[in-house]
Amino acid sequence: MKNNKYELKKNCNLEECLEIFEDNKQNFVFDRECILNPKFTKYACLLDGDVLGYIVVYENNDFIKQEKFSCNYEIKEKCVYIWHIIVHSKATSKGVGKFLIENLKTIYNCPIYVVVEEDNIPSLKLHLNCGFKCVHKFQDDFHGKITN
(Lines give C-alpha, C1' and ligand atoms only; values in the text may rest on other atoms or scores of the structure.)
Protein backbone atom coordinates (compact mmCIF):
# COMPACT_ATOMS: atom_id res chain seq x y z
CA MET A 1 0.00 0.00 0.00
CA LYS A 2 1.15 3.51 -0.73
CA ASN A 3 0.15 7.02 0.15
CA ASN A 4 1.70 10.13 -1.37
CA LYS A 5 5.12 9.37 0.01
CA TYR A 6 5.12 6.27 2.24
CA GLU A 7 4.89 2.63 1.28
CA LEU A 8 3.72 -0.22 3.54
CA LYS A 9 5.35 -3.64 3.21
CA LYS A 10 4.43 -6.80 5.08
CA ASN A 11 7.07 -9.02 6.76
CA CYS A 12 10.04 -7.46 4.99
CA ASN A 13 13.14 -5.44 5.82
CA LEU A 14 13.37 -7.18 9.21
CA GLU A 15 17.07 -6.41 9.63
CA GLU A 16 16.32 -2.69 9.33
CA CYS A 17 13.49 -3.11 11.83
CA LEU A 18 15.95 -4.73 14.24
CA GLU A 19 18.28 -1.74 13.85
CA ILE A 20 15.42 0.66 14.62
CA PHE A 21 14.52 -1.49 17.65
CA GLU A 22 18.10 -1.32 18.97
CA ASP A 23 18.10 2.46 18.52
CA ASN A 24 14.83 2.84 20.47
CA LYS A 25 14.60 -0.08 22.90
CA GLN A 26 15.01 2.08 25.98
CA ASN A 27 11.70 3.76 25.17
CA PHE A 28 9.08 1.32 26.53
CA VAL A 29 9.69 -1.48 24.01
CA PHE A 30 11.42 -4.64 25.21
CA ASP A 31 10.54 -7.57 22.94
CA ARG A 32 13.13 -7.84 20.16
CA GLU A 33 12.32 -11.47 19.37
CA CYS A 34 8.85 -10.72 18.03
CA ILE A 35 10.43 -9.03 15.00
CA LEU A 36 11.78 -12.37 13.77
CA ASN A 37 9.07 -14.63 15.24
CA PRO A 38 6.71 -15.86 12.49
CA LYS A 39 3.68 -15.87 14.84
CA PHE A 40 3.72 -12.06 14.60
CA THR A 41 2.95 -10.01 11.51
CA LYS A 42 5.19 -7.05 10.80
CA TYR A 43 4.49 -4.02 8.64
CA ALA A 44 7.25 -1.61 7.70
CA CYS A 45 6.78 1.98 6.58
CA LEU A 46 9.25 2.80 3.83
CA LEU A 47 10.28 5.95 2.07
CA ASP A 48 12.44 5.46 -1.02
CA GLY A 49 13.32 1.97 0.22
CA ASP A 50 14.39 3.06 3.73
CA VAL A 51 12.45 1.82 6.76
CA LEU A 52 11.19 4.76 8.81
CA GLY A 53 9.24 2.69 11.31
CA TYR A 54 7.40 -0.55 11.78
CA ILE A 55 4.53 -2.11 13.68
CA VAL A 56 4.33 -5.66 15.04
CA VAL A 57 0.87 -7.17 15.41
CA TYR A 58 -0.48 -10.31 17.03
CA GLU A 59 -3.59 -11.61 15.31
CA ASN A 60 -5.25 -13.48 18.19
CA ASN A 61 -7.47 -12.45 21.09
CA ASP A 62 -5.35 -14.19 23.76
CA PHE A 63 -2.74 -11.40 23.85
CA ILE A 64 -3.34 -10.71 27.57
CA LYS A 65 -2.25 -14.27 28.35
CA GLN A 66 0.62 -14.10 25.83
CA GLU A 67 1.91 -10.83 27.34
CA LYS A 68 1.47 -12.36 30.84
CA PHE A 69 -0.57 -9.38 32.04
CA SER A 70 -2.29 -9.99 35.37
CA CYS A 71 -5.44 -8.00 34.52
CA ASN A 72 -8.82 -9.70 34.34
CA TYR A 73 -10.03 -8.07 31.12
CA GLU A 74 -11.36 -10.64 28.67
CA ILE A 75 -11.70 -10.41 24.90
CA LYS A 76 -13.84 -12.98 23.11
CA GLU A 77 -14.05 -11.41 19.66
CA LYS A 78 -11.60 -11.69 16.79
CA CYS A 79 -9.11 -8.86 17.17
CA VAL A 80 -5.62 -7.64 16.43
CA TYR A 81 -3.17 -6.53 19.10
CA ILE A 82 -0.36 -4.06 18.47
CA TRP A 83 2.58 -5.78 20.13
CA HIS A 84 4.74 -2.75 19.51
CA ILE A 85 5.29 0.14 17.17
CA ILE A 86 8.52 2.06 16.69
CA VAL A 87 9.31 5.05 14.52
CA HIS A 88 12.95 5.75 13.69
CA SER A 89 14.29 8.78 15.57
CA LYS A 90 14.96 10.55 12.25
CA ALA A 91 11.28 10.21 11.29
CA THR A 92 9.39 11.25 14.42
CA SER A 93 6.54 13.74 13.95
CA LYS A 94 6.34 12.98 10.22
CA GLY A 95 3.14 10.90 10.28
CA VAL A 96 4.84 7.50 10.17
CA GLY A 97 3.09 6.11 13.26
CA LYS A 98 -0.27 7.36 12.05
CA PHE A 99 0.39 5.87 8.60
CA LEU A 100 1.10 2.47 10.16
CA ILE A 101 -1.99 2.50 12.39
CA GLU A 102 -4.36 3.83 9.74
CA ASN A 103 -3.21 1.09 7.36
CA LEU A 104 -3.87 -1.54 10.05
CA LYS A 105 -7.44 -0.27 10.29
CA THR A 106 -7.76 -0.79 6.52
CA ILE A 107 -6.15 -4.24 6.50
CA TYR A 108 -8.02 -5.73 9.48
CA ASN A 109 -11.78 -5.57 9.78
CA CYS A 110 -11.89 -6.13 13.55
CA PRO A 111 -11.09 -4.30 16.79
CA ILE A 112 -7.45 -3.32 17.32
CA TYR A 113 -6.07 -3.30 20.87
CA VAL A 114 -2.89 -1.87 22.33
CA VAL A 115 -1.51 -1.53 25.85
CA VAL A 116 0.25 1.77 26.47
CA GLU A 117 1.97 2.83 29.68
CA GLU A 118 0.56 6.06 31.11
CA ASP A 119 3.95 7.77 31.11
CA ASN A 120 4.59 6.94 27.43
CA ILE A 121 3.18 10.29 26.29
CA PRO A 122 4.20 10.07 22.59
CA SER A 123 2.49 6.68 22.21
CA LEU A 124 -0.61 7.83 24.11
CA LYS A 125 -0.92 10.89 21.87
CA LEU A 126 -0.47 8.81 18.72
CA HIS A 127 -3.09 6.24 19.66
CA LEU A 128 -5.61 8.81 20.89
CA ASN A 129 -5.14 10.82 17.67
CA CYS A 130 -5.83 7.63 15.71
CA GLY A 131 -9.14 7.09 17.51
CA PHE A 132 -8.15 4.64 20.23
CA LYS A 133 -9.89 4.90 23.57
CA CYS A 134 -9.23 3.41 26.98
CA VAL A 135 -11.30 0.29 27.59
CA HIS A 136 -9.48 -0.98 30.69
CA LYS A 137 -6.88 0.34 33.10
CA PHE A 138 -4.65 -1.95 35.11
CA GLN A 139 -1.38 -1.94 36.97
CA ASP A 140 1.20 -4.63 36.34
CA ASP A 141 4.83 -5.55 36.82
CA PHE A 142 6.27 -4.94 33.36
CA HIS A 143 9.95 -5.80 32.95
CA GLY A 144 10.64 -5.27 36.65
CA LYS A 145 8.74 -2.01 37.06
CA ILE A 146 5.17 -1.42 38.18
CA THR A 147 3.35 0.39 35.38
CA ASN A 148 -0.19 1.57 34.69
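In this convention, every chain numbers its residues from 1, walking through the sequence in written order. Local features are withheld for residues below a pLDDT of 70 in this predicted model, meaning they are given only at 70 or higher, and side-chain atom pairs are given and counted only at 80 or more; totals for whole chains, interfaces and linings count all residues. To get the side-chain values, all heavy atoms of the structure are used, and hydrogens and water are removed first.

## A few points about the pattern of salt bridges
At step 1: We define a salt bridge as a side-chain nitrogen of Lys or Arg found within 4 Å of a carboxyl oxygen belonging to Asp or Glu. Taken as a whole and judged by the stated rule, the model has three salt bridges.
At step 2: Linking E74 and K76 is a salt bridge whose minimum nitrogen-to-oxygen distance equals 3.7 Å. For the pair E74 and K76, a shared accessibility class is recorded, and that class is exposed. Think of it in three bands: residues with accessible area under 20% of the maximum for their type are buried, residues over 50% are exposed, and the middle band is partly exposed, with areas taken using a 1.4 Å probe on protein chains only.

## Let's talk about the pairing of strand β2 (residues 41-47)
At step 1: A run of H or I in DSSP counts as a helix once it spans at least four residues, and a run of E counts as a strand once it spans at least two, with each numbered from the N terminus. When you tally the buried positions in β2, you get six out of seven residues, the bulk of the element.
At step 2: Two strands are said to pair when DSSP picks up at least two bridges between them. Relative to β2, strand β1 (residues 7-10) is paired through four bridges, and the arrangement is antiparallel. The residue of β2 that forms the bridge with K10 is Y43.
At step 3: With seven bridges connecting them, β2 and strand β3 (residues 50-58) associate as antiparallel partners.

## Quick look at the pairing of β3
Side chains on a regular strand alternate between the two faces of the sheet.
At step 1: The buried fraction of β3 amounts to eight of the nine residues, a majority that puts the element mostly inside the structure.
At step 2: What sits between β2 and β3 in their antiparallel hairpin is a turn of two residues, with D48 showing a positive phi close to 50°.
At step 3: Taken together, the six bridges between β3 and strand β4 (residues 80-87) define a ladder with antiparallel strand orientation. Looking at β4, one finds that I55 is bridged to I85.

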